[in-house]
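Each chain is listed here by its residues.
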Amino acid sequence: MSKVLEAKQAVVEEISGKLKSAVSVVVVDYRGLNVSQVTELRKQLREAGIDFKVYKNSMSRRAAEIAGLEGLNEHLTGPNAIAFSTEDVVAPAKILNDFAKKNEKLEIKAGVIEGAIATVEDVKALAELPSREGLLSMLLSVLQAPMRNFALATKAVAEQKEEQGA
């Protein structure tokens with residue numbers, strides 16, 4: 001087997017491994033972005049622990065088939081970059097969506113969310129969700145509300161008894 005073919009197979013295995021292990025994948029078209037914009041985007045993604053790479057479409061398509069994500073192949077046309085996140089489901093969608101709002105040249109094409117193919121609308125809806133910390137604080141406030149109301153009610157009853165006793 002030739003060295004070129006071995007190198008291509010290694011890249012396909014790398015991509016399929018990333019597709020299988022990622023909890024969230026977003027495919028974007030980056031045409032029209034200048035070098036400083038791409039550098040800024042890569043920096044934001046790197047800080048969030050997201051792997052952002054450009055691969056040949058033919059290799060990406062083969063890797064998607066190996067990973068069982070054939071539906072992604074129709075979006076792998078033209079210049080694409082792929083963001084892989086192994087930890088946070090929301091982070092790549094949120095960062096790329098926010099960046100796309102500021103730079104209209106960046107176009108979100110599709111994604112994979114926990115092993116399921118996601119449309120552009122799905123990715124954008126995921127991006128609009130609050131962060132994990134935000135969701136936890138909302139849950140905490142909902143859990144605290146009954147206790148707070150109970151405390152206020154007992155305080156009001158105690159003050160009313162005090163007034164009646166005086």
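The coordinates are above.
Residues numbered from 1 in each chain as written. Predicted model: local features only at pLDDT ≥ 70, side-chain atom pairs only at ≥ 80, totals over all residues. Heavy atoms only, no water.

1. Here's the deal with the overall build of the protein
Consideration 1: Regarding its fold elements, the protein presents six helices and five strands.
Consideration 2: For the protein, the N- to C-terminal ordering of α and β elements is α-β-α-β-α-β-α-β-β-α-α.
Consideration 3: The C-alpha atoms of the protein give a radius of gyration of 24 Å, which is well past the 15 Å a tight globule of 166 residues would have.
Consideration 4: For the protein, with 166 residues in total, the buried portion stands at 34%.
Consideration 5: Working note: accessible area of the protein is about 10,300 Å², and carbon and sulfur atoms make up 56% of it.
Consideration 6: Counting 22 positive and 23 negative side-chain charges, the protein places the centres of these two groups 6 Å from one another. (Helix = DSSP H or I, 4+ residues; strand = E, 2+ residues; numbered from the N terminus. Rg over C-alpha atoms; globule rule 2.2 N^0.38 Å. Buried < 20%, exposed > 50% of the residue type's maximum accessible area, 1.4 Å probe, protein only. Areas by Shrake-Rupley, 256 points an atom, 1.4 Å probe, with all protein chains shown as cover. Lys, Arg positive; Asp, Glu negative; His and termini not counted. Charge placed at Lys NZ, Arg CZ, Asp CG, Glu CD.)

2. Topic: the sheet that holds strand S2 (residues 51-53)
Strand pairing in a sheet relies on backbone hydrogen bonds, with the paired strands running either antiparallel or parallel.
Consideration 1: Strand order in this open sheet of five strands is S2-S3-S1-S4-S5, and the pairing throughout is antiparallel. The sheet is open, and its two borders are formed by S2 and strand S5 (116-118), each paired with just one other strand. When strand polarity is set aside, the average angle formed by the axes of neighbouring strands in this sheet is 15°.
Consideration 2: Pairing between strand S4 (residues 107-113) and S5: three bridges, direction antiparallel. Across the sheet, residue isoleucine 113 finds its bridge partner in S5, namely alanine 116.
Consideration 3: Helix-sheet contacts for helix H4 (residues 91-102) involve strand S1 (24-29), S2, strand S3 (81-85) and S4, and the interaxial angle to S1 is about 20°. (Pairing = 2+ DSSP bridges. Axes fitted to C-alpha atoms, helices over the stretch in contact; angles between N-to-C directions. Contact = heavy atoms within 4.5 Å.)

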